[in-house]
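# Overview (structure and organization)
Listed below, chain by chain, are the residues.
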Amino acid sequence: MPNKLVDSVNVQVANFTVMYEKLHHYHWFVKGHHFFELHKKFEELYDEVTLHLDEIAERLLIKGEKPVSTLKECLETATIKEADGTEQSEQEMVQAVVNDFSQIVGEIKETISQAEDEGDPVTADMLTGINESLGKHVWMLKAFLG
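Residues numbered from 1 in each chain as written. Predicted model: local features only at pLDDT ≥ 70, side-chain atom pairs only at ≥ 80, totals over all residues. Heavy atoms only, no water.

Turning to helix H5 (residues 121-145), a few remarks are in order. Residues spaced three or four apart along an α-helix point in a common direction, a consequence of the helix completing one turn every 3.6 residues. In this model, H5 (25 residues) spans 36 Å end to end at C-alpha, consistent with the 36 Å of a helix rising 1.5 Å per residue. Of all the residues in H5, the buried ones are Thr123, Ala124, Met126, Leu127, Ile130, Asn131, Leu134, His137, Val138 and Leu141. Buried residues belonging to H5 abut helix H1 (3-29), helix H2 (35-62) and helix H4 (90-117). Of the residues trailing H5, Gly146 is marked for its positive phi of about 85°. (Helix = DSSP H or I, 4+ residues; strand = E, 2+ residues; numbered from the N terminus. Expected span 1.5 Å × (residues − 1). Buried < 20%, exposed > 50% of the residue type's maximum accessible area, 1.4 Å probe, protein only. Contact = heavy atoms within 4.5 Å.)

This is the structure in structure tokens:
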């Protein structure tokens, strides 16, 4: 796996690590009329993000590469930011997830192209499936926001 592709895939390892923590934060601190619905949804999302994280990191290991694996590395590598605690309303939390997932979707599309250009259809296919799922979440969360 060429270094540029490894770097791009590692950005997503880092992003999913940060996203897991952010979703967990929102799960714990969400308040409002939609508490029960969002508390459950944030848990579903961090469970899914964990599966994506593991799949992506293991793909790097299968290819003989090293995924980023410390919180310090992930915070330095990720293109999304961790929750800062200022997201108080349920709408702010959902909008932050929409923003982050949308950013990740765009980045993964570029990484899929890199994988295809490098002759790595397995990585491209894995990322395509992840992107499809995130895209659906973006659509549903935008509908929630109205």
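On to the pattern of salt bridges, then. Counted under the stated rule, the structure contains five salt bridges. For Lys41, the salt bridge identified is with Glu44, shortest N-O distance 3.2 Å. A residue pair is termed a helical-turn pair when its members lie 3 or 4 positions apart in one helix, as Lys41 and Glu44 do in helix H2 at three residues. For Lys41, a relative accessible area of 24% translates into the label partly exposed. Relative accessible area serves as the criterion here: at 37%, Glu44 is assigned to the partly exposed category. For Asp120, the salt bridge identified is with Lys63, shortest N-O distance 3.8 Å. (Salt bridge = Lys/Arg side-chain N within 4 Å of Asp/Glu carboxyl O.)

Nonpolar side chains tend to gather and get buried jointly when the protein is soluble and globular. Phe16, Leu23, Phe42, Val97 and Phe101 are the most contacted members of the largest nonpolar core, which totals 43 residues. Mapped by element, the contributors of at least two residues to this core are H1, H2, H4 and H5. Examining the composition of this core, we find that 11 residues originate from one element, H4, more than from any other. Excluding its chain neighbours within four sequence positions, the residues that come into contact with Phe16 are Val49, His52, Leu53, Ile56, Ile104, Ile108, Ile130 and Leu134. (Core = buried A, V, L, I, M, F, W, Y, C linked by side-chain atoms within 4.5 Å.)

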